[in-house]
Amino acid sequence: MNTAKPETAGIEPASPEPRPSNFIRDIILNDLKTNKYNGRVQTRFPPEPNGYLHIGHAKAICLDFGLADEFGGHTNLRFDDTNPEKEDVEYVDAIMEDVKWLGFHWDGLFYASDYFDQLYAWAIQLIKAGKAYVDDLSADEIRKHRGTLTEPGKGSPYRNRAVEENLNLFERMKAGEFPDGSRVLRAKIDMASPNLNMRDPVMYRILHAEHHRTGNKWCIYPMYDYAHGQSDSLEKITHSMCSLEFADHQPLYNWFIQQLGIFPSQQIEFDRLSLTYTMMSKRKLRQLVEEGRVTAWNDPRMPTLCGMRRRGYTPEAIRNFVTAAGVSRTNGIVELAMLEHFVREDLNKHAPRVMAVLHPVKVVLDNYPENQTEEMDAVNNPEDPAAGTRKVPFSRVLYIEQDDFREDPPKGYFRLSPGREVRLRYGYFITCKSVVKNDKGEVVEVHCTYDPATRGGNAPDGRKVKSTIHWVSASHAVDAEVRLYDNLFTKEDPSELEEGQDFTANLNPNSLEVLSHCKLEPSLATGAAGSRFQFERLGYFCVDPDSQPGKLVFNRTVALKDTWAKIEKKGQTAKG
RNA sequence: UGGGCCGUCGACUAAUGGUAGGUCAAGUGCCUUUGGAGCACUUUGUCUAGGUUCGAAUCCUAGCGGCCCAGCCA
């Protein structure tokens, strides 16, 4: 990235830790060995600023920046801004923020629009060489002349215009003499090519649109194919990674570079990242936002980087996931469970533990003195001794999780039930003596006795207890709203549709569940937006930006693995 | 249907003509003041058919299956 590493620049990987081999690294290794680019590795990440970055882009980012970094190379951030009708500064700012958040730093910051003058000069050069011409055909006529997958195309009647006429017309296109769509500049290649991209592709179209960077300087804009390879070449990109659907464009990418005789960047295609229960199309994500199916681009259910950030995912987790998922040329779908694994793995190491009750039910310790409060010592993170301990207030009336009490416990259920003794984490052993129910027969209070000899959670007589449950002192608890998220889609592949349906039919109606009046230990009363915690036995949660002092809002990032839920589910399916 | 790309455990991915391995998931056990975490173990795979070779996931041929391309989008 920014700093060259002389001691590692060269063939040896910059990092000693083993990374999974992949075919792109092999190509780079080989290019280094043959000295194809004098030992240079220069990559670029080229987003179009027409939307927000998602986890699929994270894969490209990790590849572009990660591979260059590994070999002491450099990476540019280049905005592919050749279509002013769809692009906006709002997106360039968001993209830069997301790249930085993911943990990467670009060397050069460029825009394809920086090269508009050079691209124009090169177009003139191609016209003069008889390799490009102005076509007066309409878009519709061009499509008809292009032929089909099985039939060759036909040449435009304007294909053999004189160089002088082409020059004149192209200059007047630039000068704004013609309306949108009236003419284009085309490369003269081969109308019979089996690769449709080579059937005289359009290089420039007329677009009287204001560009977010060049303003009204231009009314003709280069197409992707005419801009991308030359942009790479100008930046001396050695390895230009892009997704598989551009493989058919590679002959054209190379054609422009060869005709112009400029630095030969090489394009390498890899497979996009797909995730189960997730939709990665920018167009469809935009639709979800615009139709209000989610609250915004950064809705925590979105696969966008800003959504995942708000959800509490860490950059480290995303990077580890992307690396583990690997890169190849096959079209596969990675299981969401794998992403969640890496999120848990990172949060387990770093998130402070805390106690919170999401579905509270009252526990009254009948033999505990009224108005007494004790401060119990609690470990902040068993994975990290340096995280220290904290004090948690304990008193006669507590909240525990509804799930942690069963009046009629099923087989294998170890938690509280009438007559049973359990441990309150960092508290005391308690034994359930009776319950109080409301008119509807629901348990509203569980009455227990505590054993004063078990303070802190250990019995001096050595007796064991099958279960430890979490709790919050009722009089000390702070209230919070907690937002639980589930998959945005109900199908592994959301594009799998019945007749006449559109993808929104696969939206999960229960992807968001909002809980109010959850009870949190008081240490949570203050916490900056983005702060991440493990709510013991429940999952990882973070403070949402909507949170305010006195009006706390938490997001569930991901639940903890729940062995009991699995056992219980298996029992149910076994029954019927 | 022309062209391009691709087929390895349930998922993802290694093995670069020489022991089919790793991660996730699933399962079993151990451990545990989180039914968390951790640890140990286990199950499951080279699309098919031919060929080359002492030896093929790998090379060749033919099938079969999947993805991409007919924007003045990227």
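Calculation notes
- Residues numbered from 1 in each chain as written.
- Chains lettered and ligands numbered in written order.
- Predicted model: local features only at pLDDT ≥ 70, side-chain atom pairs only at ≥ 80, totals over all residues.
- Heavy atoms only, no water.
- Buried < 20%, exposed > 50% of the residue type's maximum accessible area, 1.4 Å probe, protein only.
- Helix = DSSP H or I, 4+ residues; strand = E, 2+ residues; numbered from the N terminus.
- Pairing = 2+ DSSP bridges.
- Core = buried A, V, L, I, M, F, W, Y, C linked by side-chain atoms within 4.5 Å.
- Contact = heavy atoms within 4.5 Å.
- Expected span 1.5 Å × (residues − 1).
- Axes fitted to C-alpha atoms, helices over the stretch in contact; angles between N-to-C directions.
- Parallel < 35°, antiparallel > 145°, perpendicular 65-115°, else oblique.
- Nonpolar A, V, L, I, M, F, W, Y, C, P; charged D, E, K, R; others polar.
- pLDDT = per-residue confidence, 0-100.
- Near = heavy atom within 4 Å.
- Polar contact = N/O pair within 3.5 Å; in protein donor to acceptor, adjacent residues only side chain to side chain.
- Patch = residues over 30% accessible without salt bridge, like charges linked within 9 Å, V, L, I, M, F, W, Y side chains within 5 Å.
- Areas by Shrake-Rupley, 256 points an atom, 1.4 Å probe, with all protein chains shown as cover.
- Salt bridge = Lys/Arg side-chain N within 4 Å of Asp/Glu carboxyl O.
- Lys, Arg positive; Asp, Glu negative; His and termini not counted.
- Charge placed at Lys NZ, Arg CZ, Asp CG, Glu CD.
- Left-handed = near helix turned anticlockwise from the far one by under 90°.

**Quick word on the pairing of strand β25 (residues 552-559)**
The buried fraction of β25 is high, at 6 of 8 residues. Where strand β21 (residues 478-485) lies against β25, 4 bridges are found, and the strand directions are parallel. For A480, the partnering residue across the bridge sits in β25 and is L552. In this structure, strand β24 (residues 539-543) lies alongside β25, joined through 5 bridges in antiparallel fashion. Considered in β25, the bridge of V543 is made with F554.

**Brief notes about unusual backbone geometry**
At N35, a position not held by glycine, the phi torsion is positive, near 60°. Its place among the elements puts N35 in the loop between α1 (23-33) and β1 (42-45). We classify N35 as partly exposed; its relative accessible area is 43%. Backbone geometry at D200 places phi at a positive 50°, although glycine is not the residue there. Note on D200: relative accessible area 0%, which makes it buried.

**Looking at the nonpolar core**
As a rule of thumb, soluble globular proteins bury nonpolar side chains together. I24, V99, I318 and F321 are the most contacted members of the largest nonpolar core, which totals 51 residues. Counting residues per element, the ones that place at least two in this core are α1, α2 (55-70), β2 (74-79), α3 (89-102), β9 (266-270), α10 (305-311), α11 (315-325) and α12 (336-350). Excluding anything up to four places from it in sequence, I318 contacts I55, A58, W101, L102, L305, M308 and Y313. Counting residues in hydrophobic clusters, the runner-up holds 35 residues, among them Y115, W122, L167 and M173.

**Comments concerning α2**
For α2, spanning 16 residues, the distance from its first C-alpha to its last is 21 Å, which sits close to the expected 22 Å at 1.5 Å a residue. Of all 16 residues that make up α2, 16 are buried, and the element is covered over most of its length. Trailing α2 by a residue or two, G72 shows a phi angle of about 70°, which is positive.

**What to know about the packing of helix α4 (residues 116-128) against helix α8 (residues 250-260)**
Two numbers describe how α4 lies on α8: the axes approach to 10 Å, and their chain directions differ by 80°. The orientation of α4 relative to α8 falls into the category roughly perpendicular. Where α4 approaches α8, its residues W122, Q125 and L126 are matched on the opposing element by F256, Q259 and L260. Grouping the amino acids of the contact of α4 with α8 by side-chain chemistry returns 4 nonpolar, 2 polar and no charged.

**Structural notes on the confidence of the model for chain A**
Of all residues in chain A, 96% have pLDDT values of 70 or greater, and the mean over the chain is 95. Confidence drops under a pLDDT of 50 for residues 1-17, and excluding neighbours within four residues, the segment shows 24 contacts in the predicted structure. Scored by ipTM, the complex comes to 0.97, with pTM at 0.95.

**Some remarks on the sheet that holds β25**
Taking strand neighbours across the sheet as the criterion, the 7 strands line up as β10-β23-β24-β25-β21-β22-β11 in an open arrangement whose pairing is mixed. Single-partner strands in this sheet number two, and they are β10 (353-354) and β11 (356-357). Where β10 meets strand β23 (residues 532-535), 2 bridges bridge the pair, whose relative direction is parallel. Within β23, the residue paired with R353 across the bridge is Q534. In the packing of α12 onto the sheet, contacts are made with β10, β23, β24 and β25, and the angle to β25 comes to roughly 120°.

**A short note on the protein's contact with RNA strand B**
As a structural note, the neighbourhood of RNA strand B is formed by 70 residues, with D26, A325, R353, G456 and T563 the closest of them. At 3.2 Å from a phosphate oxygen of RNA strand B is found a side-chain nitrogen or oxygen belonging to R146. Within the side chain of R415, a nitrogen or oxygen atom sits 2.7 Å from a base nitrogen of RNA strand B.

**Focus: α8**
Regarding α8, the residues found buried are L252, Y253, W255, F256, I257 and L260. Contacts from the buried residues of α8 go to α4, β5 (184-187), β6 (202-206), α7 (224-234), β8 (239-243) and β9. One or two residues past the end of α8 sits G261, with phi positive at roughly 65°.

**Some remarks on the environment of E401**
For E401, the position within the fold is in strand β15 (residues 397-401). Taking the C-alpha atoms as reference, E401 lies 7.5 Å from W471; in sequence the two are 70 residues apart. If sequence neighbours within four positions are ignored, E401 has contacts with A356, V357, L358, H359, V361, H470 and L538. Within the local environment of E401, its side chain forms a polar contact with the backbone nitrogen of H359, the two atoms lying 2.6 Å apart.

**A few points about a negative patch on the surface**
Side chains of E335, E492, E496, E498 and E499 sit close together on the surface and give a patch of like negative charge. Position of E335 among the secondary structure elements: in the loop between α11 and α12.

**What to know about the pattern of salt bridges**
Pairing is possible between side chains that carry opposite charge, provided their charged atoms lie close to one another. Counted according to the given criterion, the structure contains 39 salt bridges. A salt bridge links E97 to R309, with the nearest nitrogen and oxygen atoms 3.6 Å apart. Of this pair, E97 sits in helix α3 while R309 sits in helix α10, and the two are 212 residues apart along the sequence. Using a relative accessible area of 46% as the deciding quantity, one classes E97 as partly exposed. Put simply, E568 and R406 hold a salt bridge, and the shortest N to O gap is 2.9 Å. Here E568 is found in helix α13 (residues 563-575), whereas its partner R406 is found in the loop between β15 and β16 (421-424), with 162 residues between them in sequence. Sharing partners across several salt bridges, the network here consists of R310, E481, R483, D544 and D546.

**Observations regarding the packing of α11 against α12**
Following both chains from N to C, one finds α11 and α12 inclined at 135°, their axes separated by 8 Å at the closest point. On the basis of the axis angle, α11 is oblique to α12. The two elements α11 and α12 cross, and the hand of that crossing is right-handed. The residues of α12 that touch α11, namely those facing E316, A317, N320, F321, A324 and A325, are M338, L339, F342, V343, E345 and D346. Partitioned by chemical class, the residues of the contact of α11 with α12 number 8 nonpolar, 1 polar and 3 charged.

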